[in-house]
Amino acid sequence: MNEPADGISRRDLLRGRLFPAKPAELTPPTQNDSPAPENVIRYPTSRPDLERAAPAVTPFRRTIPVLRPPGAVDEPTFLRDCTRCDACVEACPHDAIVHAPERFREAAGTPMIDAMRSPCRMCEDFPCIDACEPGVLTDLVPPVMGTAQIKHQLCIAHQGGFCSACWERCPVEGAIGVEQGKPEIVESACTGCGVCQHVCPAPTNAVVLMPALSRPPSPTGSTEDPE
Amino acid sequence: MTRVEADRRTFMKSAAMAAASAAVVRDRTFALQVLDDAPAEQSGVRWAKAPCRFCGTGCHVQVGVENGRVVAIAGDQAADVNKGLLCVKGYHVGLALYGEDRLTRPLLRSGDRFVPITWDQAIDVIADRVGMAPERFAIYGSGQWTIPEGYAAQKLMKGGLGNNHIDPNARLCMASAVTGFIATYGVDEPAGCYQDLDECDVLIMWGNNPAEMHPVLFSRVIDRRSQGEEVLLIDISTRRTRTTEHCQEYLEMKPHGDVAIALGICQQLIERGEYDESFVGRHCSFRAPQAENPTLLGEPITFDEFKSRIAKYTPEHVSELAGIPADSVRRLASLFADRSLRITSLWCMGMNQHTMGTAINTLVHGVHLLSGHFGRPGDAPTSLTGQPSACGTVREVGTLAHALPGGRVVANAEHRRQCEEIWGLPEGRINPKPGFHTVSMWEQFCTPASAGGEIDTIWVQVTNPGQTLPNLPKLFDAKKGLEEKFLIVSEVYPTATTQLADLILPSAMWVEKNGVFGNSERRTQQWFKMVDPPGDARDDCWQTIAVAHRLMERGHEGMRDANGRFLFRVEDDAGQEVPIWEWDHYYDVNVDRALFEEYRAFTRLKHKNLAPYDEYVRSRGMRWPVVEQPEGVWRETRFRFAGFDDPFVPEGEDFDFYHSTTGDGRAQIWFHEYTPPPEVPDDDYPFWLSTGRVLEHWHTGTMTRRIPQLSRAMPSAYVEMHRADAEALDIHDGETIAIESRRGRLELPVWIGGRGMPPMGTIFVPFFDESKLVNLVTLDAHDPFSKQPDFKKCAARVVKMGG
C-alpha cells in the first residue's frame, strides 16, 4: 500500500508538480507530440507500459522524481553536491528522512521522504536545512517538495461518508480546502509534505503525492548544470 | 511478494471496489433487485454476509475469504441498514482479525509472567475457582457478546449456579436508555427504526455526534439533503463536533442542561396550550418519582400536578440552567407544537452517561408523547447504541444483574418460574436477589475479602474493563496485590485488562465463529463462521459450555436440569447428545442455532418475538417483533405500538402501549426535577472534563488501533480545549500537558481547533488510547436507577508541564 501505483492513472503519473518559479530553460523539448515532459517517468515504480511509452533509446536524460526534504535545490545539483553525510537524516525529529532505495538508481542512498512511513511535518525551524552542510537543502529555496492530489473516487468523504483526517492534520494552513466536508488540495499552498497521504484511512489511499518535477537551482551560484 | 502481502493487497483492492461504489442507494427497488448478489467472484475469493463487528448501527458487510483468510471487505448493497455504504472503520473490519499479537494459547499467571497451559488445564482452573465459592464468582460480559454467547453465560450463572452476579459493559453504555424505555413504555428498546431518519423533517441530536459515532446512519440524512430534501438538523451539545458542521442550529448547553431544556419544552407546550391533547388524553398518563425510595414505576400524578410542577421551567429559568437563549427554548417548543412536522430525536452516550440518565431519557420520551410526535414514520424518540449487540444480547437476553431473558426479572417470582420452566430446572433454582451491577461488582472485587469484598473471581468476556471502567484507580487497579482475587479474561489481544489477569483465554472473534447480533433498531442479524481462529483460540460460547460441563463432571448439580441432563444439551438429528463441550465436536452441530431456538421461547414472553434461526440466515436481519403470517411468511415490525404496523396492537386501534406499567395501554409522561451534576468545577478544578469516542477508533481501540490505516489516521489520544483557555494558560497547540482530577492524573497533547471544539471552561479527551487512560481521571458517580456512570462530566484542572 505504500505505493499508490495501483490506484493512479498514467496521466496522474505524468502530471507531477511543476515548481511555480520554473526557469524557462527547464521546459523540456518535445518530440512526436508526446504529452509528457521527458524528465518524469519513473515514479513510483517502473511499469512495463511506461517502459514502452518511453523507449530506452530516448536521447534525453531521465531523472527519477524523488520527494526530497524541504528546501532542496534542483535535482542535478542536489545529486552532484549532496555528500550523503546523513546529517539531515539525523536532524529530522520525526525520522521522516530516509535513504532512497535502489530503484531510484543514481539517486539511491540520497535523502528522501517516504510519506507513508513518516511524512515531513513542516517544522517551523527546519532542522534538516540547518544541518545540511553542502547547502543542497537551503532556506533560500521555498520548502515545496511536491504536491498532493485527492482521488475523489477513493476518498471516503467524497463518497458519501465522513472523514476529516487529512485536513485536520495538514500542517500547512490553507493547503486543503473543505467544502461540505469534502477536502480538496489547494495546489498553490500545498508543499507536498505527505501528511495527508500518511493519515488517509481510505481502503485504498486516496492521496497521490507527486514530487516536484523541477526545483529552482541553488541561488548561491553553484548552478552549473552537471550535464 | 510474501503470502501475507498478497492477501493484504487483494484485500485492499477489493475494499477499494467497495469504496468506489459507496454512494448511498436509497431506491428500495434497487435494493431488492440485488438481494442475494455478492460482489463478483474474483480469483477464488468466496463471499458471505456478516454484520460489521464494530458499532450498534449494524451495517452489513460482504466478507471475502480466500485460503482460510479474510482478504476483502465490501459494503453489502442488499442490506437495508447501510445499502452498500460503510464507514472508515467498516472498510477495514477484516484487518481487526490480523493484528500481530493475537492471543493464541491459554496463559496462566506465574508471578510477573504468564506460562502457557492447555485448554484442559485452563478449564480446570476456572472450575476450581467456581467450585471454591460459587457465590463469590462473577461474569462480566458485554454488548459484543453474540446472542448465543450471552445466553449461554446467562444460563450458566442464573440457571446453573443460582448466581446473579453477571453484568455487562453495556451498563456503562445504555443502561439509562433501558430504564428510560421501561419507565415510559413498560418495555425496552426503541419503538421506531432507522426509517425515521429517512422521513423526518427535523432531526434533534441530544448530546449526540453521529457524524463520528454512527456515520453511516448520519449519511442517510445528509444524503437526503444532497438530493434537495429539506431536513432541519439541530445539535444540542456541550461542544462543537463534526456533526455540528452539518446542522443549521447549534445549541451549546451546560452539562445537565438537556434536563432543563426538555422540561422547558414541556412547560411551553402546556402553557401555550399547544400539546397534543387528544394523543395525551387517549394514550398517556403522568408520573413522577416517589419522594422516598423512587422506582421506575414512580407514582401517578394528574395533568394539573404535572402542569404545576413544570410551571417554573420557564424559558428564562431554563436559559439560566442550560445556558441556551430563552428564545431557543421557545423555538424548540414551537417545532414540537407543529404537528405537520415529523421530528426525530437521536441520542446515545450524551444522555445515557448521565447521573440523571433515566430522568433525561424519560423526559425526551415525554416531549415526544406530550406533543404527539410519536409513532408516525419520522416522528420518534430514538436511542442509538454503541455496541453491535447491546440490544440483541444485553437488553433482549437480559445479561444484567437483575434480569432474565425475555424481559423477565429475577426479583419477580412468576418470572423466575417461567424461566425455570423453559430451562427445565427444578423450582427455586433461580436466585431472587439481584446480583452486583458493574460498578459495585468491581468495587467488591477490588475490596479485600477481609474488608468485606464479596467477589473473588471475575470472568471477563469480550470487553476491556481495565480501560473503560470509571475511576480506574478505585475500580480496577486496586485489584493488584490482592492474593485472593482472581481475574479470568477471554480476549483476542493483550489489553489493559489482561495486564491484571491471572488467566488469559484466547478467543475466536467475529467471522472466526458463528454469531448473531441485534442492532439499535431491533434488527437481529446472523452470520456463519468463515475462517478458523488462530492457534488455540476458541469461541467464548464453547468456553462457557466447557466450564459448565467440567463443573457437572465434578458433581455440581446446578449443571443438570430437573431430568438430570446437561444444562447445554444439544442433540443431533438422530436425537443423540453431541459432546459440544469437547472442542473437536463443537462444530459437529450448529450450537448457535440450538441455543437460539431455545432462547426464542423467551422472546415471545414480552412481544419481542424472533423468527426461527434459518430465517435470519436468509435475510440481512429482521426487526422484532417478527411474526409468522398465515401464508408462512415471517413479517418484521418497523414501528412498534403503532396500529398500522405493529401486529400486537388490536385491530382498529391507532396506538396501544401494550406493556404499559399501569396496565391500561398508556405510556408515561414523567416529571423529574432538575438537579445539578454531582461534581462541578470549582477553584481547584476549574474545567469540565468530558470523554467520548472518535470516528477512527472503536471503543478502547483494541481492534482499530491494530489496523494500520486507522492507527495512522488517529494515532493517539489528545485533549481538546478552547483557544482562549489555552492562551490564558500559555499552552500551545500540540504541547503535552497534564490533566488532573480528584481521582487521578494523565498527560497528553493538546489539540486546539481540531476535531471537536469545546467551549471555554471545558476539555474533552477520547478514551480509545490505552496508553492515555482518561478513566484514571473520571468520576464513578452514577444514575440512581440505571447505575450507569457519568463519563461525560467531572471537574478537572489543566497543568502546564515543565514550567
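Since this is a predicted model, take the numbers as computed values, not measurements.

About the criteria used
Residues numbered from 1 in each chain as written. Chains lettered and ligands numbered in written order. Predicted model: local features only at pLDDT ≥ 70, side-chain atom pairs only at ≥ 80, totals over all residues. Heavy atoms only, no water. Axes fitted to C-alpha atoms, helices over the stretch in contact; angles between N-to-C directions. Helix = DSSP H or I, 4+ residues; strand = E, 2+ residues; numbered from the N terminus. Parallel < 35°, antiparallel > 145°, perpendicular 65-115°, else oblique. Left-handed = near helix turned anticlockwise from the far one by under 90°. Contact = heavy atoms within 4.5 Å. Buried < 20%, exposed > 50% of the residue type's maximum accessible area, 1.4 Å probe, protein only. Arc of directions from axis to C-beta. Polar contact = N/O pair within 3.5 Å; in protein donor to acceptor, adjacent residues only side chain to side chain. Pairing = 2+ DSSP bridges. Domains from an automatic or database assignment. Buried area = accessible area lost by both parts, 1.4 Å probe. Salt bridge = Lys/Arg side-chain N within 4 Å of Asp/Glu carboxyl O. Patch = residues over 30% accessible without salt bridge, like charges linked within 9 Å, V, L, I, M, F, W, Y side chains within 5 Å. Areas by Shrake-Rupley, 256 points an atom, 1.4 Å probe, with all protein chains shown as cover. Lys, Arg positive; Asp, Glu negative; His and termini not counted. Charge placed at Lys NZ, Arg CZ, Asp CG, Glu CD. Core = buried A, V, L, I, M, F, W, Y, C linked by side-chain atoms within 4.5 Å. pLDDT = per-residue confidence, 0-100. 1 Å grid on protein atoms, 1.4 Å probe; cavity = no way out; pocket = protein on both sides within 12 Å on 5 of 7 lines; lining within 4 Å. Points joined across faces, edges and corners; volume = space filled by probe spheres on them. Nonpolar A, V, L, I, M, F, W, Y, C, P; charged D, E, K, R; others polar.

## Examining the packing of helix α5 (residues 175–185) of chain B against helix α15 (residues 357–371) of chain B
Residues and elements named next belong to chain B. Axis separation between α5 and α15 bottoms out at 8 Å; the angle between their running directions is 45°. Between α5 and α15, the angle is such that the two are oblique. Two packed elements cross with a definite hand, and for α5 against α15 that hand is right-handed. Of α15, the residues touching α5 (which contributes Ser 176, Ala 177, Thr 179, Gly 180, Phe 181, Ala 183, Thr 184 and Tyr 185) are Gly 357, Thr 358, Asn 361, Thr 362, His 365 and Leu 369.

## Details of the environment of Val 202 of chain B
Residues and elements named next belong to chain B. With respect to the helices and strands, the residue Val 202 is situated in strand β8 (residues 202–206). According to the relative accessible area criterion, Val 202 is buried, its value standing at 1%. As for Val 202 and Gly 378, which are separated by 176 residues in sequence, their C-alpha atoms are 8.5 Å apart. Not counting the four nearest positions on each side in its chain, Val 202 is found in contact with Leu 232, Ile 234, Leu 335, Leu 341, Arg 342, Ile 343 and Thr 344.

## Remarks on helix α12 (residues 315–322) of chain B
Because each turn of an α-helix spans 3.6 residues, side chains separated by three or four positions end up pointing in the same direction. Residues and elements named next belong to chain B. Along α12, the residues that are buried comprise Pro 315, Val 318, Leu 321 and Ala 322. Buried residues of α12, viewed axially, fall in a sector of 120°; they line one side. Of the residues trailing α12, Gly 323 is marked for its positive phi of about 80°.

## Some points on the environment of Arg 429 of chain B
Residue and element names in this part refer to chain B. Position of Arg 429 relative to the elements: it lies in the loop between α17 (413–423) and α18 (438–446). Separated by 109 residues in the primary sequence, Arg 429 and Arg 538 place their C-alpha atoms 30 Å from one another. A distance of 2.9 Å separates a polar atom in the side chain of Arg 429 from the backbone oxygen of Gly 558.

## Let's talk about the sheet that holds strand β22 (residues 622–623) of chain B
Sheet strands pair by backbone hydrogen bonding; their relative direction is either parallel or antiparallel. Residue and element names in this part refer to chain B. If you walk across this open sheet you meet the 3 strands as β20-β21-β22, and the pairing is antiparallel. At either margin of the open sheet sits one strand with a lone partner, and together these are β20 (515–518) and β22. Pairing of strand β21 (residues 523–527) with β22 involves 2 bridges; the strand directions are antiparallel. Among the inter-strand pairings, Thr 524 is bridged to a residue of β22, identified as Met 622.

## Brief notes about the pairing of β8 of chain B
Residues and elements named next belong to chain B. Buried residues dominate β8, accounting for 5 of its 5 residues. Summarising the sheet, β8 and strand β9 (residues 232–237) pair through 5 bridges and their orientation is parallel. Among the inter-strand pairings, Ile 204 is bridged to a residue of β9, identified as Ile 234. Two strands pair when backbone bridges link them, and β8 and strand β13 (residues 343–347) are joined in this way by 5 bridges, in the parallel orientation. The residue of β13 that forms the bridge with Ile 204 is Ser 345.

## Digging into the domain arrangement of chain B
All names here are of chain B. Assigned domains of chain B: these are domain 1 (3–98), domain 2 (118–172 + 389–547 + 584–602), domain 3 (175–384) and domain 4 (687–800). Taken together, the contact between domain 2 and domain 3 spans 10 residues of the former and 15 residues of the latter. Among the residues domain 2 hides against domain 3, the three largest losses belong to Arg 395, Ser 520 and Arg 522. Together they make up 56% of the total. At the surface where domain 2 touches domain 3, the tally comes to 1 salt bridge.

## Some remarks on a negative patch on the surface
A grouping of Glu 124, Asp 125, Asp 130 and Asp 139 of chain A is seen on the molecular surface, where their side chains present a negatively charged patch. For Asp 130 of chain A, a relative accessible area of 61% corresponds to the exposed category.

## Side note on the nonpolar core
It is characteristic of soluble globular proteins that their nonpolar side chains tend to be buried jointly. Residues and elements named next belong to chain B. Judged by nonpolar contacts, the single largest core of 173 residues is most densely connected at Val 63, Trp 206, Ile 261, Phe 306, Leu 370, Trp 510 and Val 511. No other element matches the 9 residues that helix α9 (residues 257–271) contributes to this core. With residues near it in sequence (within four places) discarded, Phe 306 still touches Cys 266, Ile 270, Phe 286, Ile 301, Leu 370, Ile 669, Trp 670 and Phe 671. By size, the runner-up hydrophobic cluster in this structure holds 64 residues, among which are Trp 459, Phe 486, Ile 488 and Phe 568.

## Focus: the confidence of the model for chain A
Residues and elements named next belong to chain A. With 68% of its residues at a pLDDT of 70 or more, chain A has an overall mean of 77. Taken element by element, the predicted model of chain A shows its lowest mean pLDDT in helix α1 (residues 10–15) (40) and its highest in helix α7 (residues 195–199) (97). pLDDT under 50 marks residues 1–60. Its contacts with residues more than four places away, or in other chains, come to 87 contacts. The low-confidence segment residues 222–227, where pLDDT is below 50, has 9 contacts with residues more than four positions distant or belonging to other chains.

## Notes on the sheet that holds β9 of chain B
Residue and element names in this part refer to chain B. In spatial order, the strands read β10-β9-β8-β13-β14; together these 5 strands make up an open sheet with parallel pairing. Pairing within the sheet leaves two strands with one partner each, and these edge strands are β10 (249–252) and β14 (380–383). Mean inter-strand twist for the sheet, computed between neighbouring axes without regard to direction, equals 15°.

## A few points about the layout of surface pockets
Taken as a whole, the largest pocket encloses approximately 1,200 Å³ of empty space. Lining the largest pocket are 31 residues, with Glu 168 and Arg 169 of chain A together with Asp 733, Gly 734 and Trp 751 of chain B sitting closest to its centre. Looking at the lining of the largest pocket, the elements that each hand over two or more residues are α6 (165–169) and α7 of chain A together with β29 (745–752) of chain B. For the lining of the largest pocket, the element with the most residues is β29 of chain B, which contributes 4 residues. Grouping the constituent residues of the lining of the largest pocket by class yields 17 nonpolar, 6 polar and 8 charged. Counted as a void, the second largest pocket has a volume near 790 Å³. As for the second largest pocket, its lining consists of 35 residues, and the residues nearest its centre are Thr 179, Ile 182, Leu 296, His 402 and Val 409 of chain B.

## Things to note about unusual backbone geometry
All names here are of chain B. In this structure, Pro 625 follows Trp 624 across a cis peptide bond, with omega equal to -5°. Here Pro 625 is to be found in the loop between β22 and β23 (627–628). Of note in this structure, His 256 is not a glycine but carries a positive phi near 75°. Relative to the elements of secondary structure, His 256 occurs in the loop between β10 and α9.

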